[in-house]
Amino acid sequence: MTDSPRKIIPLADLRYASRVPQVPAQAAAPSGLLSDMLGRPLRDLRISVTDRCNFRCNYCMPSEIFDKDYAFLPQSSLLSFEEITRLAKVFVAHGVEKIRLTGGEPLLRRHLERLIEMLARLQTPAGKPLDITLTTNGSLLAKKAQSLKDAGLRRVTVSLDALDDAIFRRMNDADFPVASVLQGIEAAHKVGLAPLKVNMVVKRGTNDDQILPLARHFRHTDTVLRFIEYMDVGATNGWRMDQVLPSAQVIERLNAEFPLTAIDPNYSGETAERWRYLDGGGEIGVISSVTQAFCGECNRARLSTEGKLFLCLFASQGHDLRALLRGSYSDEQIAAAVGAIWQGRSDRYSELRAALPPDASPASGGPKRVEMSYIGG
Ligand code: SAM
Ligand code: SF4
Ligand code: SF4
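In what follows, the accompanying structure is described.

Cut-offs applied
- Residues numbered from 1 in each chain as written.
- Chains lettered and ligands numbered in written order.
- Predicted model: local features only at pLDDT ≥ 70, side-chain atom pairs only at ≥ 80, totals over all residues.
- Heavy atoms only, no water.
- Helix = DSSP H or I, 4+ residues; strand = E, 2+ residues; numbered from the N terminus.
- Rg over C-alpha atoms; globule rule 2.2 N^0.38 Å.
- Buried < 20%, exposed > 50% of the residue type's maximum accessible area, 1.4 Å probe, protein only.
- Contact = heavy atoms within 4.5 Å.
- Lys, Arg positive; Asp, Glu negative; His and termini not counted.
- Charge placed at Lys NZ, Arg CZ, Asp CG, Glu CD.
- Core = buried A, V, L, I, M, F, W, Y, C linked by side-chain atoms within 4.5 Å.
- Polar contact = N/O pair within 3.5 Å; in protein donor to acceptor, adjacent residues only side chain to side chain.
- Axes fitted to C-alpha atoms, helices over the stretch in contact; angles between N-to-C directions.
- Parallel < 35°, antiparallel > 145°, perpendicular 65-115°, else oblique.
- Left-handed = near helix turned anticlockwise from the far one by under 90°.
- Nonpolar A, V, L, I, M, F, W, Y, C, P; charged D, E, K, R; others polar.
- Near = heavy atom within 4 Å.
- Areas by Shrake-Rupley, 256 points an atom, 1.4 Å probe, with all protein chains shown as cover.
- Pairing = 2+ DSSP bridges.
- 1 Å grid on protein atoms, 1.4 Å probe; cavity = no way out; pocket = protein on both sides within 12 Å on 5 of 7 lines; lining within 4 Å.
- Points joined across faces, edges and corners; volume = space filled by probe spheres on them.

1. Some thoughts on the overall build of the chain
Right, on to step 1. Across its full length, the chain carries eleven helices and 13 strands.
Right, on to step 2. Computed over C-alpha atoms, the radius of gyration of the chain comes to 20 Å, within 12% of the 21 Å expected from 2.2 N^0.38 for 377 residues, which places it in the range of a compact globule.
Right, on to step 3. In terms of overall dimensions, the chain has C-alpha extents of about 65 × 60 × 40 Å along its principal axes.
Right, on to step 4. Classification of the 377 residues of the chain by burial places 53% in the buried group.
Right, on to step 5. The long-range fraction of contacts in the chain, counting pairs at least 24 apart against all pairs at least 6 apart in sequence, stands at 74%.
Right, on to step 6. Averaging the positions of the 47 positive and the 44 negative side-chain charges in the chain gives two centres separated by 3 Å.

Right, here's the structure in full:
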């Protein structure tokens, strides 16, 4: 008798595809005025502190790939908190004002509060504190909200894709109850991790019937609910355009029940388009990464768990800063290398997506991309 055929999904492991940056011979001190080839400054640094997660959201870490045999990064390859802080300092000197901790699930990283304390001591060249925030699935938030706040975290963004318990459990694919995430949100509110944002990834046919229930739930609270278009990140989620519900349709559905009006962005480069309920019920946002690309204003860099710098969510190769950290380079030399990398940046994948041939997707043999759980959302 032969073994039954096993489903084999090819997955090129791009985590190891990286280049060690050149360190320029002449290191000019960072001016905070760095800009890339499209004139975009560097303002926002997203740091992935772990590639592990206790959820298996199908759009991010499908359980058939991220199973018990999946090789997560070994502890020795992770950046230490000291290494992360050293790099964060370099990025701040180049103009970064906001740091978002992410993952994987960042609250799974042990003693994360210590890292937050270290980052909270950094200041911008103008002497201002950094805006430090974190994106979490909320599963450990009820337990950790107070210690995170005490460590110096200012705000938190919680991902929540459904209010209905059965749909939520199905989407996280870990049978995790929605009530525990709601308790985490409550706890974050209580300790003043504000303004609190809740992100819902909308997947047509999977959870789009949860748009209105979530909107009703968070109206008249200080929580800003934001609807994110399902994106073609990574190479494993089997993304299809017909599973994307355009933000324009999200707004249409909401507007039919709760009339809305558009409001101005808080700052240039804000990813979410803001709307306000006309009856004073508060604010919502839509993030239209697929139907209305915002690459022109993208000032975000991403640092993977093991210290690779990615210039775009859809990149297939990172720049190995850990090699510099663990080599004999000074902070000035590392800053010069980071400056040169940013100056050479021309990434604008989402703007080009529509013009790409259908076979350009990873599923059709096109260029592979790193996973979002690896470089952080
Ligand atoms: N585990 C944390 C969480 O879920 O909040 C942080 C990491 S997660 C990768 C960061 C964000 O990326 C989450 O809000 C998640 O919903 C979003 N995300 C992951 N895959 C996505 C996809 N294919 N399209 C749109 N957003 C996605
Ligand atoms: Fe985990 Fe967040 Fe990815 Fe869901 S979206 S699998 S919670 S990292
Ligand atoms: Fe930024 Fe890349 Fe997203 Fe465009 S596609 S907004 S460049 S991360």
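2. Some points on the nonpolar core
Right, on to step 1. One finds L101 and F227 to be the most contacted residues of the largest nonpolar core, which totals 95 residues.
Right, on to step 2. Ranked by the residues each element gives to this core, the list is headed by helix 1 (residues 81–93), at seven residues.
Right, on to step 3. Contacts of F227, omitting those with residues within four sequence positions, involve M200, V202, I211, V250, L254, I284, G285, V286 and I287.
Right, on to step 4. Among the nonpolar cores identified, the runner-up in size contains 15 residues, and V290, F310, L313 and Y349 belong to it.

3. Details of the side chain of S350
Right, on to step 1. Mapped onto the elements of the fold, S350 is located in helix 10 (residues 349–353).
Right, on to step 2. Within the local environment of S350, its side chain forms a polar contact with the backbone oxygen of S289, the two atoms lying 3.5 Å apart.
Right, on to step 3. The residues contacting S350, other than those within four sequence positions of it, are S289, A293, C295 and F314.

4. Some thoughts on the packing of helix 1 against helix 2 (residues 112–120)
Right, on to step 1. The geometry of helix 1 relative to helix 2 is characterised by a closest axis approach of 10 Å and an angle of 30° between their N-to-C directions. The orientation of helix 1 with respect to helix 2, classified from their angle, is roughly parallel. Viewed along their axes, helix 1 and helix 2 form a crossing whose handedness is right-handed. Contacts between helix 1 and helix 2 involve F81, E82, I84, T85 and A88 from the first element and L112, R114, L115, M118 and L119 from the second.
Right, on to step 2. For the contact of helix 1 with helix 2, the per-class residue count stands at seven nonpolar, one polar and two charged.

5. Details of the site of ligand 1
Right, on to step 1. Taken together, 19 residues sit near ligand 1, with G104, T135, S159, M231 and M372 positioned nearest.
Right, on to step 2. Interatomic distance of 3.2 Å between a backbone N/O atom of T136 and an oxygen atom of ligand 1.
Right, on to step 3. Contact distances for ligand 1 include 3.5 Å between a nitrogen atom and a side-chain N or O atom of N237.
Right, on to step 4. Protein contacts shield 94% of the accessible area of ligand 1, which totals 550 Å² for the unbound molecule.
Right, on to step 5. Of all the secondary-structure elements, those providing two or more residues to the shell around ligand 1 are strand 4 (131–136) and strand 7 (224–229).
Right, on to step 6. Of the residues belonging to the shell around ligand 1, the class tally is eight nonpolar, nine polar and two charged.

6. Description of the pairing of strand 9 (residues 273–277)
Right, on to step 1. In terms of strand pairing, strand 8 (residues 260–263) meets strand 9 through four bridges, oriented antiparallel. Considered in strand 9, the bridge of A262 is made with W275.
Right, on to step 2. Note that strand 9 and strand 10 (residues 283–287) share four bridges and pair antiparallel. Of the residues in strand 10, the one forming a bridge with R276 is E283.
Right, on to step 3. Taking the residues between adjacent antiparallel strands as the criterion, strand 9 and strand 10 are bridged by five residues, where G280 takes a positive phi near 85°.

7. Let's talk about empty space enclosed by the protein
Right, on to step 1. Taken as a whole and assessed by the stated rule, the structure comprises two cavities of 30 Å³ or more.
Right, on to step 2. When its volume is computed, the second largest cavity comes out at roughly 40 Å³.
Right, on to step 3. In this structure, the second largest cavity is lined by A215, F218, R219, T221, T223, L225, Y277, G281, G282, E283 and I284.
Right, on to step 4. Listed by contribution, the elements that provide at least two residues to the lining of the second largest cavity are helix 6 (211–218) and strand 10.

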